[in-house]
Amino acid sequence: EQRADVLRKLKQVVNVGNPHKKYILKKKIGQGASGAVYAAMDQHTGELVAVKQMALDKQPRQELIINEILVMKRSQHHNIVNYRDSYLVEKELWVVMEYLEGGSLTDVVTETCMEEGNIAVMCREVLQALEFLHERNIIHRDIKSDNVLLGMQGEVKITDFGFCAQLSPEKNKRTTLVGTPYWMAPEVVGRRQYGPKVDIWSLGIMAIEMVDGEPPYMKEDPLRALYLITSNGKPVIKERSRLSKIFKDFLDKCLEVDPSRRPTSTQLLQHPFLKTAKPLVSLRALIEAARGS
Ligand SMILES: NC(=O)c1cn(-c2ccnc(N)n2)c2cc(C#CC3(O)CCCCC3)ccc12
C-alpha cells in the first residue's frame, strides 16, 4: 500500500503525455544507483537533454524519488543541473533535465593535472550551489567529482539529488548513512547527528581529488575507508608540500573534523583562496585536455 501511495503522489507531480513523442533517446551517458541516464533530443526544439530513467519497482526507497523531483522542481540555480519535466511511462519514471556536454569533473581530475586557479574556480562554483541549497535547508549528501558537470562555455553545475535531504524546523538533523563512502564526513560515518556541513567536508575531499586525482583511501575497500575516516579524521594530502599556503588553509577548513568548527558555504565563499580563481572560460581547455587524452 506504501507503493500505491507513492504511485498516487508521483502521478500528481509528473507531466502528462508520452515522452517518447517529445524526446528521442540518443546514447547512454551513465548508470546511476537509481537508474540509467541517457542523452536525448527534444524533437520540437532540437535541444539536447539528459533523461534519468528509473524502474519504480526496482527502487529500494521510492519516496526518495518524489523527494528528488519535488525538491529539484523548485530549486533552479545556475550552478545546479536544472530540472525540466518528468513522466511516468508504465512503471518507469523519466526525469528530464538540461544536458551538460562537457562531462563530469571526474574525467578532468583523472586525465589532467589541475592548477590551483582552476581548482579555485571549481570550488567557488560548487560553493555557490551549496549556499543556495543550504539556505533552503537542503543537503545534497553526495558531493563528489562525478556529480559536478561541465559545460563548454565554462558552466559548472552539481547534479544527482537522488540522496538529498530536505530539512525542516522539526527535523533539522539527519543520521542516516547516505552518500559515497570515500567522500563521507566523519559525523555521517560515525552515525552522529549531522546537517548541511557534511557537504563542506565532501567538497574538501573533492578538492583532494583535484590535487591527487582521487580521494583518500581510494585503494582501500569501502568498509575499511569508513573505518579510516573515523579513526584518522583529517586525511593526509599526498602532494601537500606543493600547495600554496592559502589553498592549504582552505582545505584545512573544509576538512575540520568537528562540524561546529567547519565553516558554512557562505563563510567559505569569502576565503582568499577563491580570489585566485581563473575565469570560467579557462575550464574549456581542461575539458578538451580530458577528452583529448
Ligand atoms: N553519469 C550519470 O550517472 C549521470 C549523468 N547525468 C547528467 C546530467 C546532465 N548532463 C549530463 N551530461 N549528465 C546525470 C544526472 C543525474 C541527475 C539528476 C537530478 O537529480 C538533477 C536535478 C533534477 C532532477 C534529476 C544523475 C546521474 C547522472
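Use the structure listed above.
All values derive from a computational prediction rather than experimental measurement. Residue numbers restart at each chain and count upward from 1, following the sequence in its written direction. It should be noted that, the model being predicted, local features are given only for residues of pLDDT at least 70 and side-chain atom pairs only at 80 or more, the latter also being counted only at that level, while totals for whole chains, interfaces and linings use all residues. The basis for every side-chain value is the complete set of heavy atoms in the structure, and neither hydrogens nor water enter the calculation.

Q: Any chance you could explain the overall build of the protein here in plain terms?
A: Segments assigned H or I by DSSP are reported as helices when at least four residues long, segments assigned E as strands when at least two residues long, and all are numbered from the N terminus. The helix and strand tally for the protein stands at 11 helices and 9 strands. Relative to the compact-globule value of 19 Å for 293 residues, the protein shows a C-alpha radius of gyration of 19 Å, a close match. Its C-alpha atoms give the protein principal-axis dimensions of roughly 55 × 45 × 35 Å. The buried label applies to any residue whose accessible area, calculated with a 1.4 Å probe on protein chains only, is under 20% of its type's maximum; exposed applies above 50%, and partly exposed to all values in between. By the burial criterion, 53% of the 293 residues in the protein qualify as buried. In what follows, a contact means two residues having at least one pair of non-hydrogen atoms within 4.5 Å. A separation threshold of at least 6 residues defines the contact pool for the protein, and within that pool the share at least 24 residues apart is 66%. Residue-level accessible areas treat just the shown protein chains as cover; the underlying method is Shrake-Rupley with a 1.4 Å probe. On the protein, roughly 13,600 Å² of surface is accessible, and the fraction owed to carbon and sulfur atoms is 53%. A positive count includes Lys and Arg, and a negative count includes Asp and Glu. His and the chain ends are not counted in either. Where a charge lies is defined by one atom per residue type, namely NZ (Lys), CZ (Arg), CG (Asp) and CD (Glu). Between the averaged position of the 42 positive side-chain charges in the protein and that of its 37 negative side-chain charges there is a distance of 3 Å. Atoms counted for the radius of gyration: C-alpha only. Globule rule: 2.2 Å times residue count to the power 0.38.

Q: Got a minute to help me understand helix α3 (residues 62-73) in this structure?
A: Along an α-helix, residues three or four apart share an orientation, since each turn contains 3.6 residues. In this analysis, the expected span of each helix is defined as 1.5 Å times one less than the number of residues it contains. Under the 1.5 Å per step criterion, the end-to-end length of α3 is 17 Å for 12 residues, consistent within 8% with the ideal 16 Å. Counting buried residues along α3, 9 of its 12 residues qualify, which places the element largely inside the surrounding structure. Within the sequence span of α3, burial applies to Gln-62, Leu-64, Ile-65, Ile-66, Asn-67, Glu-68, Ile-69, Val-71 and Met-72.

Q: How should I be thinking about the sheet that holds strand β1 (residues 23-32) in this particular structure?
A: Working definition: the strands of a sheet are paired by backbone hydrogen bonds and lie parallel or antiparallel to each other. Whether two strands pair depends on DSSP finding at least two bridges between them. Here 5 strands make up an open sheet; going across it, the order is β1-β2-β3-β5-β4 and the pairing antiparallel. Every other strand in the sheet has two partners, leaving β1 and β4 (83-89) as the edge strands with one partner each. Taken pair by pair, the neighbouring strands of this sheet meet at an average axis angle of 25 degrees, ignoring direction. Bridge count for β1 against strand β2 (residues 35-42) is 8 bridges, and the pairing is antiparallel. Bridged to Lys-28 within β2 is Tyr-38. Set on the sheet, α3 makes contact with β3 (48-55), β4 and β5 (92-98); between it and β4 the angle comes to about 150 degrees. Geometry is summarised by axes, namely lines fitted to C-alpha atoms with helices restricted to the contacting stretch, and by angles between N-to-C directions that run from 0 to 180 degrees.

Q: Explain the site of the ligand here, please?
A: Distances are taken per atom, and a residue is near a molecule or strand as soon as one of its heavy atoms is within 4 Å of it. The environment of the ligand is formed by 20 residues, the closest being Glu-68, Glu-98, Leu-100, Thr-159 and Phe-161. Nitrogen and oxygen atoms within 3.5 Å of one another constitute a polar contact, given that in protein one can donate a hydrogen and the other can accept it, and given that sequence-neighbouring residues count only through two side-chain atoms. Residue Phe-161 places a main-chain N or O atom 2.9 Å away from an oxygen atom belonging to the ligand. Considered on its own, the ligand offers 600 Å² of accessible surface; in the complex 90% of this is hidden by protein. For the shell around the ligand, the secondary structure elements donating two or more residues are β1, β3, α3 and β5. Looking at the shell around the ligand, the element that brings in the most residues is β1, giving 4 residues. Just so you know the grouping, Ala, Val, Leu, Ile, Met, Phe, Trp, Tyr, Cys and Pro go in nonpolar, Asp, Glu, Lys and Arg go in charged, and all remaining residues, Gly too, go in polar. Broken down by class, the residue content of the shell around the ligand amounts to 12 nonpolar, 4 polar and 4 charged.

Q: How do you make sense of the side chain of Asn-82 when you look at a structure like this?
A: Along the chain, Asn-82 turns up in the loop between α3 and β4. Here Asn-82 falls in the buried class, since its relative accessible area comes to 17%. In this structure the side chain of Asn-82 is engaged in a polar contact, spanning 3.3 Å, whose partner is the backbone nitrogen of His-77. Excluding residues within four positions of it along the chain, Asn-82 makes contact with Ser-75, Gln-76, His-77, Met-97, Glu-98 and Lys-157.

Q: Quick question: what am I supposed to make of the pattern of salt bridges here?
A: Should their charged atoms come close, side chains of opposite charge can pair. One speaks of a salt bridge when a side-chain nitrogen belonging to Lys or Arg is within 4 Å of a carboxyl oxygen belonging to Asp or Glu. In total, this model carries 21 salt bridges according to the counting rule given. In this structure, Arg-84 engages Glu-47 in a salt bridge whose closest nitrogen and oxygen atoms are separated by 2.7 Å. Of the two residues, Arg-84 is situated in strand β4 and Glu-47 in the loop between β2 and β3; the sequence distance between them amounts to 37 residues. The residue Lys-144 makes a salt bridge to Asp-142 at a minimum N-O spacing of 3.9 Å. Relative accessible area serves as the criterion here: at 5%, Asp-142 is assigned to the buried category.

Q: Explain the nonpolar core to me, please; I cannot follow it from the model alone.
A: Within soluble globular proteins, side chains that are nonpolar generally end up buried alongside one another. Only buried residues count toward a nonpolar core. Its members are Ala, Val, Leu, Ile, Met, Phe, Trp, Tyr and Cys residues joined through side-chain atoms within 4.5 Å. Core analysis: the biggest nonpolar cluster contains 81 residues, and Leu-93, Ile-158 and Phe-250 have the highest contact counts within it. By residue number, the principal contributor to this core is helix α5 (residues 116-135), which donates 11 residues.

Q: What is the right way to read the packing of helix α1 (residues 2-13) against α3 from this model?
A: A pair of packed helices is captured by two measures, namely the crossing angle of their axes and the spacing between those axes. It is at 9 Å that the axes of α1 and α3 come closest, and there the two elements cross at 20 degrees. Relative to α3, the element α1 is oriented roughly parallel. Like other packed secondary-structure pairs, α1 and α3 cross with a definite hand, here left-handed. Contacts between α1 and α3 involve Gln-2, Arg-3, Val-6, Lys-9, Leu-10 and Val-13 from the first element and Gln-62, Glu-63, Ile-66, Ile-69, Leu-70 and Lys-73 from the second. Considered class by class, the residues forming the contact of α1 with α3 number 6 nonpolar, 2 polar and 4 charged. Each angle gets one of four labels, with under 35 degrees taken as roughly parallel, over 145 as roughly antiparallel, 65 to 115 as roughly perpendicular, and the rest as oblique. Crossing handedness follows the turn of the near helix against the far one: under a right angle anticlockwise gives a left-handed crossing, and clockwise gives a right-handed one.

Purely geometric numbers; function is a separate question.
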